[in-house]
Amino acid sequence: MAARRSGSAPRWLPPVRAAPPGRLPPLDPTAGSRALRFDLESGHTKCISDEIKVGAMAVGKYHVVGPDPNFPDAQLPESHRISLRVTSPYGNSMHYAENVQSGHFAFTAAEAGDYLACFWAPDHKPPVTIGFEFDWRSGVSTKDWPSVAKKGKVDMMELELKKLEETIKNIHEEMFYLREREEEMQDLNRKTNSRMAWLGFLSLGICLSVAGLQLWHLKTFFERKKLL
Amino acid sequence: MARRRPAALLLVVAMAAVLAAAWRAEALSVTVTDTECIHEFVPYEGDTVSGNFVVVDHDIFWSSDHPGIDLTVTSPGGNTVHTLTGKSGDKFEFKAPRGGMYKFCFHNPYGAPETVSFYIHVGHIPNEHNLAKDEHLDPINVKIAELKEALESVTAEQKYLKAREARHRHTNESTRKRVMFYTVAEYLAFMAASALQVVYIRRLFSKNVGYNRV
């Protein structure tokens, strides 16, 4: 992978978000701003990785945002384009986009491990820093709650409680996973421990046998040479 | 489409306030060569921003342990809100002094690139002030939001543990490989040294070198 370096990060204040206390938020909580914002220098690559389990859905959305923090509504320059490649742990390319201003991808993980999303921007003269927002969700958080609400005709509170239930289930599963991993690690450590003990004895054995061989060989040699 | 009455509309909006209470993020990893900055939007002043990061070591060859990386959290106004130096993994939590785009910068003082797995969560609980302002905001929503926040903190701890476990496993496997390799290398070196010894002694006694020299 090419060098990953971050440029200076211009701060960007999106319009009308810093609401004074007491004012209610916009109706759609998923409207923007759940994403993380990164800065990409032209000519450089930035890679973000996430560990995804087998069979889990992964959904990603990305778009280039205004570069100047003081003018969030400024026109996005056409030249600010990024390219993205998402690779699986075994190297298969799950998504590829070249020179786009926004995009999205979704896939079901066939292999467990680290999925890598690498962004890069072509070289500019003079070098510019392109800001982009990237929202990557996997597993449980990909569930489309508004559609679940519509389908089941559940009211908001029930939906919230359903979400809580999903979260708790997820926590439970994660605990199982952690427990499994801890067991594997304990196994590995125990094996290493016993292997060390075995190797200690082997080391002593090799030492003694090599010394014995040496002595025997030299003795035979000297007897042959009629020195002893 | 049925016309919504203002009260019902307010209730829906209040529910949306609860929905907006917890902002989820995934535990992502970036490779930090020098400095990497991540921006996260904090919508309200007083929101609790919590998170953690763990340095999942690359293969460090010589030094026993990486001295750690620095984390600096900068508020939209430019002030440093939170600093952590020389840590190879830690949790952090702070109350946002104002709303806006916060910058989380990881700085690696040493040249070797490090992979950092981080998780940032912004939580908001509609407080009593909101309750007083709008009588349709049911106190139960506040409780649900608190419950959600508590669960999110459990999730955050889990992600931290998972990342640390990954790092621990990495260290263990590296130790195992190194121990095996060095032990076998030690045996081979030992045997080679003793073979060289024998060869040298034999040469000392060989006729063409000199019979009475020894």
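Cut-offs and rules
- Residues numbered from 1 in each chain as written.
- Chains lettered and ligands numbered in written order.
- Predicted model: local features only at pLDDT ≥ 70, side-chain atom pairs only at ≥ 80, totals over all residues.
- Heavy atoms only, no water.
- Patch = residues over 30% accessible without salt bridge, like charges linked within 9 Å, V, L, I, M, F, W, Y side chains within 5 Å.
- Areas by Shrake-Rupley, 256 points an atom, 1.4 Å probe, with all protein chains shown as cover.
- Salt bridge = Lys/Arg side-chain N within 4 Å of Asp/Glu carboxyl O.
- Buried < 20%, exposed > 50% of the residue type's maximum accessible area, 1.4 Å probe, protein only.
- Disulfide = S-S within 2.5 Å.
- Helix = DSSP H or I, 4+ residues; strand = E, 2+ residues; numbered from the N terminus.
- UniProt positions renumbered as here; feature names shortened; annotations may be inferred.
- Pairing = 2+ DSSP bridges.

Moving on: a nonpolar patch on the surface. Residues Val184, Leu188, Phe190 and Met191 of chain B make up a contiguous nonpolar surface patch of roughly 350 Å² in combined accessible area. When its relative accessible area of 44% is taken as the criterion, Val184 of chain B is described as partly exposed.

Let's shift gears to the state of the cysteines. Here the structure, examined in full by the defined rule, presents two disulfides over all chains. In this model Cys47 of chain A forms its disulfide with Cys118 of chain A; the gap between the sulfur atoms is 1.9 Å. Linking Cys47 of chain A and Cys118 of chain A, the disulfide has an S-S dihedral of approximately 110° and is accordingly described as right-handed. Here the residue Cys47 of chain A occupies a position in strand β2 (residues 45-52), and Cys118 of chain A occupies one in strand β7 (residues 113-120), the gap between them amounting to 71 residues. With respect to class, Cys47 of chain A is no different from Cys118 of chain A; both count as buried. The residue that forms a disulfide with Cys37 of chain B is Cys105 of chain B, at a sulfur-sulfur distance of 1.9 Å. Disulfide Cys37 of chain B-Cys105 of chain B: torsion about the S-S bond near 105°, hence right-handed. Within this pair, whereas Cys37 of chain B is found in strand β3 (residues 35-42), its partner Cys105 of chain B is found in strand β8 (residues 100-107), the two being separated by 68 residues in sequence. Cys105 of chain B shares its class with Cys37 of chain B; the two are buried.

A separate point is the UniProt feature "transmembrane region" (unreviewed entry) in chain B. Under the UniProt annotation, "transmembrane region" (unreviewed entry) lies at residues 179-201 of chain B. Structurally, residues 179-201 of chain B comprises 100% helix and 0% strand, and the distance from its first C-alpha atom to its last is 33 Å.

All names here are of chain A. Within strand β8 (residues 129-138), nine of the ten residues are buried, leaving the element largely enclosed by the surrounding structure. Bridge count between strand β1 (residues 36-41) and β8: six bridges; the pairing is antiparallel. Its bridge partner being in β8, Leu40 is matched across the sheet by Ile130. Bridge analysis of strand β3 (residues 57-65) against β8 gives eight bridges, and the strand direction is antiparallel. If you follow Val65 over to β8, its bridge partner there is Gly131.

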